[in-house]
Amino acid sequence: MSQTPHYRRILLKLSGEALLGDEPCGIDPQLLGRLADDVGDVSRRGVQVALVIGGGNIFRGAALASDGMDRVTGDHMGMLATVMNALAMQDALERRSVPTRVMSALKINQVCEDYIRRRALRHLDKGRVTIFAAGTGNPFFTTDSAASLRAVEIGAELLVKATKVDGVFSDDPVTNPSAKFYKRLTYDQAIAERLKVMDTTAIVLCRDNGIPLRILNIYEAGALTRVAAGEDIGSLVVTGNEP
C-alpha cells in the first residue's frame, strides 16, 4: 500500500456470519483476530475506519419472527447481538493496540457509548476505529441499512461490504458455477436485476447520496488493505454518473 491512502474515511460492513469461521454459532476467535489485524493495518496507515457488524452469528430476529415471535421483539434481540459482536471486535482491536470505540444506537452506556454523530466524527478524526452497534436503533431496518445510513452521516468516501464471495454475482456462485460476475454496476441496475447486493433501502441511501459501494471477499488475505489503497478488487457499485 502506498504511503498516501486512497481514501480518508471508509466504513466496513461485516455480516455476523463473517465471524463464524468454522464454528456452528458464536465467534471464531482466530477469524476475529485476523479481521482485527486487517482493520488495524488499514487504520495504522492513516485511513479513518468505521465498522458496522451484523448479529446473525448469534441471533436472527427476522427468522424467529417468521415462526411467530413478535417482529419488534426479535429485531431488538438482534440489535443486542450486534452489540456483543461489536464489543468482541473492540477487544480484539485493543489487544492489538488499536484505539477503538463502540457506539450503540440503543442506550446501553454501561457497556459502550451512545451513538452521537458529532462524537463519532471526533473519534474518527482522532484515528480511533469506531464501531456502530445496534443497527439504526429501530426495528424493521437491517444492518445493511444501518451501514448505509452511518456512511452517509459520517461522510464516508467508500462503503465496503465484506462477503464470503468475490463480489456481486447474478446467482449464488457456490451452487451455480456459471453465475455471471459483475465487476462494475450501478445501483439502479442492482435494483432492476434484483441482485443480492444489499437491501433496497440501503442501496437507495447510497445511490441518493453518491457513496460508492465495494463488495469483496473478506476471507482474501489483505483485501481490505488493497481496497484502502485504491485497488480495483471485488465489485464496485456506483450511481452511474462517474466517468
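Structure: see above.
Under the defined criterion, the tally for this structure stands at two aromatic pairs. Summarising the aromatic geometry, the rings of phenylalanine 169 and phenylalanine 181 are spaced 5.2 Å apart at their centres and angled 55 degrees between planes, so their arrangement reads as tilted. Remark: phenylalanine 181 occurs in strand S8 (residues 181–182) and phenylalanine 169 occurs in strand S7 (residues 168–169); sequence separation between them is 12 residues. Judged by its relative accessible area of 18%, phenylalanine 169 is buried. A relative accessible area of 34% places phenylalanine 181 in the partly exposed class. It is arginine 150 that lies over the ring of tyrosine 115; its NZ or CZ is 3.8 Å from the centre.

In this section: the packing of helix H1 (residues 29–44) against helix H3 (residues 71–94). One can describe the packing of H1 onto H3 by two numbers: an axis separation of 9 Å at closest approach and a directional angle of 65 degrees. Considering only the axes of H1 and H3, their crossing is right-handed. Residue-level inspection shows Leu32, Leu35, Ala36, Val39 and Gly40 of H1 in contact with H3, the latter providing Ala88, Met89, Ala92 and Leu93. The residue makeup of the contact of H1 with H3, split by class, is eight nonpolar, one polar and no charged.

What follows covers the pairing of strand S10 (residues 213–217). Across the five residues that make up S10, a large majority, five, are buried. Taking every second residue as pointing to the same face, both faces of S10 are buried, with Leu213, Ile215 and Asn217 on one and Arg214 and Leu216 on the other. Two strands pair when backbone bridges link them, and strand S6 (residues 158–163) and S10 are joined in this way by five bridges, in the parallel orientation. Bridge pairing in S10 places lysine 161 opposite isoleucine 215. Taken together, the three bridges between S10 and strand S11 (residues 235–238) define a ladder with antiparallel strand orientation. Bridging across to S11, isoleucine 215 finds its partner in serine 235.

Each α-helix winds once per 3.6 residues, and so residues spaced three or four apart point in a common direction. Within the sequence span of helix H7 (residues 200–209), burial applies to Ala202, Ile203 and Cys206. Buried positions in H7, seen along its axis, are confined to an arc of 100 degrees and lie on one side of it. The opening residue of H7, the one whose side-chain oxygen lies 3.1 Å from the backbone nitrogen of threonine 201, is aspartate 199. After H7 finishes, the residue glycine 210 shows a positive phi value of roughly 65 degrees.

The subject of this paragraph is the pairing of strand S2 (residues 48–53). Judged by how many residues are buried, S2 sits mostly within the fold: six of six residues are covered. Both faces of S2 are covered, namely the face carrying Gln48, Ala50 and Val52 and the face carrying Val49, Leu51 and Ile53. In this sheet, S2 lies alongside strand S1 (residues 9–14) in parallel orientation, the contact comprising six bridges. When the bridges of S2 are listed, arginine 9 appears paired with glutamine 48. Sheet topology places S2 next to strand S5 (residues 129–133); three bridges connect them, and they run parallel. Looking at the pairing, valine 52 lines up with phenylalanine 132 of S5.

Let us now look at the environment of proline 99. Turning to its location among the elements, proline 99 is positioned in the loop between H3 and strand S3 (100–104). As for proline 99 and glycine 127, which are separated by 28 residues in sequence, their C-alpha atoms are 7.6 Å apart. If we ignore the near neighbours within four places in the chain, the residues touching proline 99 are Gly127, Arg128 and Val129.

Turning our eyes to something else, we now look at the side chain of serine 104. Tracing the backbone shows serine 104 in strand S3. Serine 104 gets classed as buried once you look at its relative accessible area, which sits at 1%. From its side chain, serine 104 meets the backbone oxygen of leucine 106 in a polar contact 2.6 Å long. Those residues in contact with serine 104 that lie beyond four places of it in its chain are Val83, Cys112, Glu113, Asp114, Tyr115, Ala133 and Ala134.

Criteria and thresholds
- Residues numbered from 1 in each chain as written.
- Predicted model: local features only at pLDDT ≥ 70, side-chain atom pairs only at ≥ 80, totals over all residues.
- Heavy atoms only, no water.
- Phe/Tyr/Trp six-rings, centres within 6.5 Å; stacked < 30°, edge-to-face > 60°.
- Helix = DSSP H or I, 4+ residues; strand = E, 2+ residues; numbered from the N terminus.
- Buried < 20%, exposed > 50% of the residue type's maximum accessible area, 1.4 Å probe, protein only.
- Lys NZ or Arg CZ within 6 Å of the ring centre and 35° of its normal.
- Axes fitted to C-alpha atoms, helices over the stretch in contact; angles between N-to-C directions.
- Left-handed = near helix turned anticlockwise from the far one by under 90°.
- Contact = heavy atoms within 4.5 Å.
- Nonpolar A, V, L, I, M, F, W, Y, C, P; charged D, E, K, R; others polar.
- Pairing = 2+ DSSP bridges.
- Arc of directions from axis to C-beta.
- Polar contact = N/O pair within 3.5 Å; in protein donor to acceptor, adjacent residues only side chain to side chain.

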